[in-house]
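Examination of the molecular architecture
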Amino acid sequence: MAKTSKIHKNEQRKALVRKYAERRAALKEAIRTAGTVEERMRAQTALAKLPRDSNPIRVTHRCAITGRPRGYLRRFGMSRIAFREKALAGHVTGVTKSSW
């Protein structure tokens, strides 16, 4: 199980991303469509002044069961370890153990 503080911090990052999503998108569009260099620089500095954690890149995928950040399987939303336990127990729909 991951530290609760790390899981909580990641949830705070997700909230910040949602809060600043519109502002961030507007500034990025302003940078792309800027007519002059000064306008582009103004938009870039405004974007840089936004909180770092409002950038969606800083949100990490974590296992829904254990909170583990590594070995995350996007399709199932859990880590490889939790996935294996659930799959062998038959709790994951559509997954069967292969044998040959």
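Structure: above.
A word on the overall build of the protein chain
A count of helical and extended segments in the protein chain gives three helices and two strands. For the protein chain, the α and β elements follow one another from N to C terminus as α-α-β-β-α. What you see for the protein chain is a C-alpha radius of gyration of 20 Å, clearly larger than the 13 Å of a compact globule of 100 residues, by over 25%. In terms of overall dimensions, the protein chain has C-alpha extents of about 65 × 35 × 15 Å along its principal axes. Of the contacts made within the protein chain by residues no fewer than 6 positions apart, 40% connect residues no fewer than 24 positions apart.

A word on the pattern of salt bridges
Counting across every chain of the model gives five salt bridges. Across the pair Asp-53 and Lys-9 runs a salt bridge whose closest N-O atoms are separated by 3.9 Å. Taken as a pair, Asp-53 in the loop between α2 (37-49) and β1 (72-73) and Lys-9 in helix α1 (residues 4-32) lie far apart in primary sequence, 44 residues in all. Looking at Asp-53, the relative accessible area reads 14%, which means it is buried. Under the relative-accessibility criterion, Lys-9 is labelled partly exposed at 36%.

What about the environment of Ala-64?
Here Ala-64 is to be found in the loop between α2 and β1. Note on Ala-64: relative accessible area 67%, which makes it exposed. In this structure, the C-alpha to C-alpha distance between Ala-64 and Ser-54, residues ten residues apart in sequence, is 22 Å. Setting aside anything within four residues of it in sequence, one finds Ala-64 in contact with Gly-77 and Met-78.

Details of the packing of α1 against α2
Put simply, α1 and α2 touch, their axes get as near as 8 Å, and they point 155 degrees apart. Looking at the two axes, α1 sits roughly antiparallel to α2. Handedness of the α1/α2 crossing: left-handed. Packed against α1, whose contacting residues are Arg-24, Leu-27, Lys-28, Ala-30 and Ile-31, the element α2 presents Arg-40, Ala-43, Gln-44, Ala-46 and Leu-47 at the interface. By residue class, the composition of the contact of α1 with α2 is six nonpolar, one polar and three charged.

Topic: the side chain of Arg-62
As for its position among the elements, Arg-62 is in the loop between α2 and β1. It is Glu-11 that comes nearest to the buried, bridge-free Arg-62 among opposite-charge side chains, at 7.5 Å. Looking at Arg-62, its side chain comes within polar contact range of the main-chain oxygen of Gly-67, at 2.5 Å. Beyond its immediate chain neighbours, meaning those up to four positions away, Arg-62 contacts Ala-2, Lys-6, Ile-7, Asn-10, Gly-67, Arg-68, Pro-69, Tyr-72 and Gly-77.

Definitions and limits used
- Residues numbered from 1 in each chain as written.
- Predicted model: local features only at pLDDT ≥ 70, side-chain atom pairs only at ≥ 80, totals over all residues.
- Heavy atoms only, no water.
- Helix = DSSP H or I, 4+ residues; strand = E, 2+ residues; numbered from the N terminus.
- Rg over C-alpha atoms; globule rule 2.2 N^0.38 Å.
- Contact = heavy atoms within 4.5 Å.
- Salt bridge = Lys/Arg side-chain N within 4 Å of Asp/Glu carboxyl O.
- Buried < 20%, exposed > 50% of the residue type's maximum accessible area, 1.4 Å probe, protein only.
- Axes fitted to C-alpha atoms, helices over the stretch in contact; angles between N-to-C directions.
- Parallel < 35°, antiparallel > 145°, perpendicular 65-115°, else oblique.
- Left-handed = near helix turned anticlockwise from the far one by under 90°.
- Nonpolar A, V, L, I, M, F, W, Y, C, P; charged D, E, K, R; others polar.
- Lys, Arg positive; Asp, Glu negative; His and termini not counted.
- Polar contact = N/O pair within 3.5 Å; in protein donor to acceptor, adjacent residues only side chain to side chain.

That's the geometry; what it means functionally is another story.
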